[in-house]
Structure formats: C-alpha cells, structure tokens
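# A closer look at the structure
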Amino acid sequence: MSGSKRQIVRLQGVAKRFGAVHALAGVDLDVEAGQCLGLVGHNGAGKSTLMHVLAGTLAPDRGAIVIDGAPREGQYSVAAAHRLGIRCVFQELSLCPNLTVAENARILHPAVKGWGWRGRAGRMIADKLDEIFPGHGVSADDVVGDLALGKRQMVEIARAFTVTDEPLHLVILDEPTSSLDSVTAEQLLVFVRKIVDEGVSCILISHLLGEVLGYCDRIVVMRDGQVVAARAAGEFDRHSLVSAMGDVAEDKKTAAHEARSANRDAAPVCVRARPRGKAAGGELVAHRGEIIGLSGLAGHGQTELLLQIYQAAGRRDRDTEVTGPVALVAGDRQADGVFHLWSIAQNVTVRSMRRMLWHGLIQPAREAAMAADWRQRMRIRTPDMNNPILSLSGGNQQKALFARALGSDAEIVLMDDPMRGVDIGTKLEVYDIIRAEAERGRTFLWYTTEMDELDNCDHVYVFRNGQVVADLPRGEMTEQKVLQSSFEQVA
Amino acid sequence: MLRGLGNPRFLRAVLPAISLAVILGAIFAVNPRTMSPIGLNLLLQLAVPVALATIAQMFILAVNDLDLSIGGYVGLVACIGATFLNTDPLLGVVLLGACIAAYAVMGALIHWRNLPSIVVTLGMLFVWQGIAILVLPTPGGAAPGWITAIMGFKPPLVPFPIVAAVVIAVVVHFALMRSSYGVILRGAGGNPRAVARAGWSLLKTKLAMYALAGLFGVLSGLSLIGLTTSAQANIAMPYTLLSIAGAILGGSEFVGGRVSPVGAVIGALTLTLATRALTFFHVPPDWQIGAQGGILIVVLALRALINRREVA
C-alpha cells in the first residue's frame, strides 16, 4: 500500500478484549487520503469496536495507531482524534436531545464561542445541511428532541462534516443510512463521493451491501475480530462479499437433527406467532419438542417477537397462539436476568415459587432441594447455593438463569440471545442440556446472534425489519442462506 | 418557535407564569391593599432567598442529580454570615469560599465514584447542619450591616424583591441558556456520552455545576440573614423541598438537562406566595402545609397533562 497517496490512518495489530471476548484480535487497517473505505461484517465482527478505537473513545489493549504518518500511542484520545481531523458518526446517536441543532453543532466545535456564537453555529450547520440534504426541512433553532429520528441522523451527519479551525481528514460513518429514507440516503452517498474526490477520506460501515459495493473504493471484510479480506471494491460482488463474511464450510451437521425435522408435522403446534403489525411477512411456527432458531441481524425484531409470545401466554391474542406455560431466559443478564442481592438458590427457585408453598409460606427445605437438584444437573460451580448470585462467573450466572427456566413448569422456553459473553465450555454444556430437554418434549425458541448456535436448531426463521423473511428447515439451513436473507433481497 | 397557542412547548413555558398570576390575582382580590409597592414588598420579601436556593437546585438538576443538602447548606451559610462574616469579615469570606469549594468537591466525588447524588447529598445535609450548630449553637448572631442594607434597599416604583428576581433570572438565563459554555453544561445533562465523545471533560462540567450551586447557596443564605438579621442552624431546612418543588414547578425536569432559570425564579415566587395566600384565605395553620402540597400537585398535574399531549 505504498502508493503515491498520503496515508491518513494506519492501524497495526490492534487488539481489544472485553472480559473473555476478543472483540479485536490484531487488526491492520490502512486508509489513504481521498479514499472511501467500506467496512462490512456480521454482528460482533468487531467493526464498531475498531471505529471506537480510531475515534479515540476506546483505548486498545495492544497495537499501533499511526495518524498522518506519526505514531500516536499513549496520548491518543477523543480530543487528539478531533485535532487530527478524525470525526465519527456513531451508530447510536450522539446528539443532546435537550439542545437545539445549533447548540449541538457548538458542542463539537470548541472554537465556536464569544459574541454571536449562536448565529455562527446556526449558519454553519444550516449550510452543511443544505449542502448534503437539500430540502431537509430542519431549522437550526429546532430542539433535537422534537425532530424525527431520520432528521436527527441528518443533523448528526451534517455536524460531522462541519469545519472550523480543526482540519477534516477522515469521517467514519457507522450505519449512517439505517434511519434515513432512500432519497436522503442517496443524497448522503452522493455527497460522500464528492468530498472523497476533494481529498477527504471516509469509512462507511453498512449492512446494505449495495451501498458499499456502489460507493466505496476499497472494501475490508471483518469476521471474529479480524480482517479476513481487503480488496478493491471492483473485485467483489454481492456473492463473494457474503461468502467472505461468513463461514462457507458447512460440515458440522448432525444426523439426529435431520431425522427429526422430517416428521415435523406429526407433533402438535405449540407456538404460532406473527410479528405484530407486520402482516406482510411470514409467521413463526413451533411444534412440540422442537428447537427453533431466530436469526438475522441484531435488533430486527427477534426480541420483540419473543416478548410478544411471552405476553400472549395464557391469554387470547390475535397474532399469537401459545399453548402452554412459558419461561424466558434473558440475554442481558445484569439488567433483565439475575436478582443481584439474592442467593443463587433464590435466583433459581423464584420462577417455581408456587411449588415451594405450604399454606402460603415458602418451605425452605423444598427450596433447598430444588436448588441442590439443579446445581447438580446444570453443574453450577459453587461451594454453596446460598452464596450470592454475583459470586458466580458470568457463565455460571447464566446457568442459574437456565436452571430457573428449565426447573419451572414451562413447556415453552424463550431464549433471548442467552449466550452473550459466555465461554465456550459452558456453552457446550448448556447446548447438551437444551437438546436433552427438547427430547423430553419441551419447545425452545432461541434467538441467537451467533451463527454456530443455529446448528443446534431444528428450524431457523430469519428476521429483517421486524418481519420473518425466511423459514429454513434444518436440512436447508446454511450460513450463506441466513446471511443472504438477513441482508437486502437480491434485486 | 411559537406555533400557535395550543403548542405544548409554549403551554409548558407559560404555565409557571400563569400559576403565579392566578395566585397573585387571588391575593389581590381578597386583600386589595397588597396591590401597593409596600404590600408587594412584604409579600415577596422572603422569595429572594428561596429563588436563589431554587436556582442552586436547578444547576444540580441540569446534570441529572438531586441536591437534598441545600437546606442545611443555606442554614450553615446563614450561621457563618451572622457570626464570622460580621466579626471577622476576612475569615468569613474565606469560610464561605471553602463552602463553595466543598460543594465542588462533592460534585467531583459523585462523578468519580459514580455515586448516587441523593445518597451523598442526604449525608451532607447532616454534615452541614452539624457544622452550623458548632458555628452557632443557639439562635442569634447579627447580620453584617451591608447585607441588611442591600436587602432593605427600596428602589423607586418597583419593589426590591421584583427587581432582584428579574436580575437573578436574567443573569442566570444568559450564563446558562445563552452562553457557549452553558451549552456544554446543559448538554452534559442531556446526553453525557455525546458531550464526552466531543472531547469535553464531564468532570469539569460537574465541578462547574456544583460550584455554581454552592455559590447560589451562599447568596441565598446571605440574603436570608439580610431579612431576618440573625440566624439559627435550622433556619433554612424547608429550602430543600421548596427548591426542588420550585424548580420542577418552573419547568425543569429531573432528568435530561431540561431546565429553565426564568421558570425556576417564577416557581420560587409562586411557592412563596402560595404560603402567604393561605394565610389571607384564613386557612388554619394546621392545614397550611397540606394545602401548599395540594397547590403543588394541581400545578404539576397540569404539566403532566401538557406533556402527555406533547407525546400524543
């Protein structure tokens, strides 16, 4: 990469881990001046983490950051990134909803101050909005909290391109078009091409492969915290891009599952659900004893459907039919799962409280018996089930949550990406238990963001924009197909 | 900004002013003699320290915190003002400066250790009160002459409390709502992460806001002894709840950096007048506190209604 063009950014061997998870495992990345770089990969591939490192909001554990030819270790921070002309439009919005559009522009620019700053900030942001999104309909005096999501996104993008006394070399756009309509998205991409021709660089992260293929000069593909392919955009097409993102080798299938999906229709239906308000898409059907996978990109309606099913249990619901008691295994352990101040035993038995009662009072002996039983069945690693739940490692806390659901009377178990941040040993143990419970007639609905976990499922439904867009029986399910359906339909 | 009178944002902005006008009108109707400069002065005198304490509370609310210690703090300032500031002005000024610094440190601590502000300030309430009792064990002391002179100042035409209220509202409005650094301070309440990502120090914003609260707490305590001429440790205990109620009444919110200095001052005036109005209406003293709470609930319920319309 030693062309005549100036290197704006060179990352070498950047690594970052969160607990047991390697978010980045030694990434190299080069960006030239006047280049539009596309960055693609499945959820959790490490794209956003890498951009946080580049924007200075996360410090890497290892690796070199070279900006504009000079190494920047140790002293790299948000402020340094701004001084060096690197801006980032983060995936989650970074505007203050209580301030006006002009005031939000001022927050990015320490130089805008003194008499009349309000007018200058307002003109600056309004001019940039006019330039990028003609006909945007946003006034500099509007309070951001009053604007629709798409308009907020436009303000944030325009703000990233405004210039005062600091230079502008590189703008990182993380899923910039996710809340824009097709017209404004087109306006943005045309603008990106224009400023790239003027010598500013751009990194475009997008799940819309058409955008990346159509507007980027070079495409970098990430998987599992590593760069797995980096070539000129012309050398990719949609197909080769999708296969670079996913694992193409498909040889881990087990014969037992094949056999079961064949006699699917023999078992009675346990759950029949259609995402609320999405009449266009397909519906999800689960038969007794099946493990159903919910797949697709994160946040495309899987959790919502699980909650819809959870709420519909034991009630009449137009879109949802559930035949038995339901239990939910939460994905966000700390927020929705464990009772922090309770013991492990209490955390396990809370769902089955009714069985512990004798004349309205809880029987400690029954509680202890159930806790001991599940400690052994789930192999929860603790000397005493009366220890506080937080004394367990993350994986063992998750086992306790599984014990809560499996120990209950629930016939249907909903799992909301429960294996997030759990080590592989625990995962394999839990997979075996889930399969054994399914053999005994329990039904599992399993939302997962990990491709490998889908191998445990009898049937996979792929979600996009809140709809069920694909229904893949075990035999037909390949990572390729899941990815194809997760991304936009092939035109 | 003003898109018709039915606009919820406009309604919310004028609600504090309307509640003030209603209460003032009721007082004038019951007792027309209050409609004179002297009458207004007597009615509104005690609103000045309350307004200053409410502004102090508003600074804390702006960064999503809550200050339960302001009542004890204003009491401590009053005690220092009625003793050291009178007998040994230099030492008094140093002590008051230390009070402000202590407030800033409290803010830094809350930020550093990510502590709940309610817990820290509830603890500090008793610390301030304890120090105040050490400074002035029995009610007494004397306010410095210059403070009583300022508070007793009688400008022509307009009563002093009204002049003071307007000055406080305008100064804070420009400092917090119109200045370029005020934007950062309010932004830190609206979306702290966004402000940090733009390269600003959240610690500095907390320090600044708590120091400002400390400063206005000092002004509140001094203006209070300017009216009472002496002090006692518990003199300002009701200020904690009055300041929170006044700020909320004036359109501030508990989270999200949405505050209004003008509204806070009007809210403080309304609450002070509400107390007075109940006396005029011959509400028995036993029922006054309850009736005050009733007024508060009515006004806040109105605001909740307006907010609901905004969401719909």
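Everything discussed here concerns the structure shown above.
First, a word on what this report is: a plain description of the structure on this page. In this text, all values refer to a predicted model and were calculated from it rather than measured experimentally. (Residues numbered from 1 in each chain as written. Chains lettered and ligands numbered in written order. Predicted model: local features only at pLDDT ≥ 70, side-chain atom pairs only at ≥ 80, totals over all residues. Heavy atoms only, no water.)

## Brief notes about the overall build of chain A
Helices and strands together make up the secondary structure of chain A, namely 16 helices and 21 strands. Its C-alpha atoms give chain A a radius of gyration of 25 Å, near enough to 23 Å, the size a compact globule of 491 residues would have. The principal-axis extents of the C-alpha atoms in chain A amount to approximately 75 × 45 × 45 Å. Counting all 491 residues of chain A, 54% fall into the buried class. Counting every atom, chain A has about 20,700 Å² of accessible surface; 51% of that belongs to carbon and sulfur. Across chain A, the centroid of the 56 positively charged side chains sits 4 Å from that of the 62 negatively charged ones. (Helix = DSSP H or I, 4+ residues; strand = E, 2+ residues; numbered from the N terminus. Rg over C-alpha atoms; globule rule 2.2 N^0.38 Å. Buried < 20%, exposed > 50% of the residue type's maximum accessible area, 1.4 Å probe, protein only. Areas by Shrake-Rupley, 256 points an atom, 1.4 Å probe, with all protein chains shown as cover. Lys, Arg positive; Asp, Glu negative; His and termini not counted. Charge placed at Lys NZ, Arg CZ, Asp CG, Glu CD.)

## Here we look at the pattern of salt bridges
Residues and elements named next belong to chain A. Considering all chains together, one arrives at 21 salt bridges over all chains under this definition. Between Arg-118 and Glu-103 there is a salt bridge, with its nearest N and O atoms 3.2 Å apart. One end of the pair, Arg-118, is in helix 4 (residues 117-132); the other, Glu-103, is in helix 3 (residues 101-108), with 15 residues separating them in the sequence. Linking Arg-351 and Asp-409 is a salt bridge whose minimum nitrogen-to-oxygen distance equals 3.3 Å. (Salt bridge = Lys/Arg side-chain N within 4 Å of Asp/Glu carboxyl O.)

## Some words on the interface of chain A and chain B
Across the contact, 28 residues belong to chain A and 25 residues belong to chain B. Of the roughly 2,000 Å² buried between chain A and chain B, counting both surfaces, carbon and sulfur atoms make up 53%. Looking only at chain A, the three residues that lose the most surface to chain B are Asn-98, Arg-106 and Ile-107 of chain A, adding up to 27% of its buried area. Summed over the shared surface of chain A and chain B, the number is 1 salt bridge. For Arg-186 of chain B, the salt bridge goes to Glu-103 of chain A, with nearest N and O atoms at 2.9 Å. Inspection of the region where chain A meets chain B yields 10 residue pairs in polar contact (both at pLDDT 80 or more). Looking at the side of chain A that touches chain B, its residues break down into 13 nonpolar, 7 polar and 8 charged. (Contact = heavy atoms within 4.5 Å. Buried area = accessible area lost by both parts, 1.4 Å probe. Polar contact = N/O pair within 3.5 Å; in protein donor to acceptor, adjacent residues only side chain to side chain. Nonpolar A, V, L, I, M, F, W, Y, C, P; charged D, E, K, R; others polar.)

## Observations concerning the packing of helix 2 (residues 37-44) of chain B against helix 14 (residues 261-280) of chain B
All names here are of chain B. At a minimum axis distance of 9 Å, the contact between helix 2 and helix 14 shows a crossing angle of 105°. Classified by the angle their axes make, helix 2 and helix 14 are roughly perpendicular. On the side of helix 2, the interface is formed by Leu-42, Leu-43 and Leu-44, while helix 14 contributes Leu-269, Leu-273, Arg-276 and Phe-280. Grouping the amino acids of the contact of helix 2 with helix 14 by side-chain chemistry returns 6 nonpolar, no polar and 1 charged. (Axes fitted to C-alpha atoms, helices over the stretch in contact; angles between N-to-C directions. Parallel < 35°, antiparallel > 145°, perpendicular 65-115°, else oblique.)

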